[in-house]
Structures are given as C-alpha cells and as structure tokens.
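Architecture and fold: a report
One-letter residues, chain by chain:
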Amino acid sequence: MKRQDKSEAAGPLELERRAVRRTQEERSAETKRALVLGAIRVIAENGYANSTTNMIADRAGVSRGALQHHFASRGDFMIAVLDEMLTSIGFLLPPVELK
C-alpha cells in the first residue's frame, strides 16, 4: 500500500494556510499578548497576591518558561499588564478637556 503524502491529502485551503507562516516576531507578539491577557484574567479572579506565574501561563496556554523568556522579571511583566489595562481603559473613557 502506497503511503499518501500529506500535501496530497490536504485540500487547497489547507495548503494555502500552511504557505502563510507567521514571522517569529508575530508569534512572539501573540504569545506576549496571550500572557498579558491571561494575567489580567487571573489577577481579576484571584487578586494579585494569590496569582502565580503557573496560573497565568496555564490561562494563556503557554509554558511558564515562555513567560520567563518574554519577560525578564515579574516587574517587567506587570508593567506590560498595566500598560494593556491603561490602554484599554483609555479607549473607554471620554476625552477630558483641561482648563
């Protein structure tokens, strides 16, 4: 029995999807964003003091090593989390006129 090549078994849409590979920079940015959003959810549910890097990595769907790879320290990570939160809130608040 002849073994079928994966490219022969895949349809045209599958082949097109395989051909469009994201860059390392795009994959890295996606991982960082998943970690930041995961941290926001975990902290909202458990509080800062009760949130662990394992909980955050699990919520983001990545390894704890990925978190440590993308952020040098917990402080750097929390700055990214706060930046995301403040950016999101900025879109929700009406502009303020300064007098």
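Up top you'll find the structure we're talking about.
So, here's what we can say about the structure. Being a predicted model, the structure only gives us computed values, none of them experimental.

Conventions and cut-offs
Residues numbered from 1 in each chain as written. Predicted model: local features only at pLDDT ≥ 70, side-chain atom pairs only at ≥ 80, totals over all residues. Heavy atoms only, no water. Helix = DSSP H or I, 4+ residues; strand = E, 2+ residues; numbered from the N terminus. Buried < 20%, exposed > 50% of the residue type's maximum accessible area, 1.4 Å probe, protein only. Contact = heavy atoms within 4.5 Å. Areas by Shrake-Rupley, 256 points an atom, 1.4 Å probe, with all protein chains shown as cover. Polar contact = N/O pair within 3.5 Å; in protein donor to acceptor, adjacent residues only side chain to side chain. Patch = residues over 30% accessible without salt bridge, like charges linked within 9 Å, V, L, I, M, F, W, Y side chains within 5 Å. Salt bridge = Lys/Arg side-chain N within 4 Å of Asp/Glu carboxyl O. Arc of directions from axis to C-beta.

The next subject is the overall build of the protein. What the protein contains, in helices and strands, is six helices and zero strands. Each helix (α) and strand (β) of the protein, taken in turn from the N terminus, gives the series α-α-α-α-α-α. Across the 99 residues that make up the protein, the buried fraction comes to 19%. For the protein, contacts bridging at least 24 residues in sequence account for 48% of all contacts bridging at least 6. With an accessible surface of roughly 8100 Å², the protein has 56% of that area assigned to carbon and sulfur atoms.

Inspection of the secondary structure puts H70 in helix α5 (residues 64–70). Measuring from C-alpha to C-alpha, the distance between H70 and T31 comes to 8.3 Å, with 39 residues separating the pair along the chain. In this structure, H70 is in contact with S28, T31, K32 and L35, ignoring residues within four places of it in sequence. At 3.4 Å, the side chain of H70 forms a polar contact with the side chain of S28.

Attention shifts here to a nonpolar patch on the surface. A surface patch of nonpolar side chains, amounting to about 370 Å² of accessible area, comprises L82, M85, L86 and I89. Structurally, I89 is set in helix α6 (residues 74–92).

Three or four residues apart is the spacing at which side chains of an α-helix point the same way, because the helix has 3.6 residues per turn. Among the residues making up helix α4 (residues 53–60), those that are buried are I56, A57 and A60. What you see down the axis of α4 is that its buried residues fit within an arc of 95°, all on one side.

Let us now look at the side chain of E84. Here E84 lies in helix α6. A distance of 3.1 Å separates a polar atom in the side chain of E84 from a polar atom in the side chain of R33. When neighbours within four sequence positions are excluded, E84 is seen to be in contact with R33, V36, L37 and I40.

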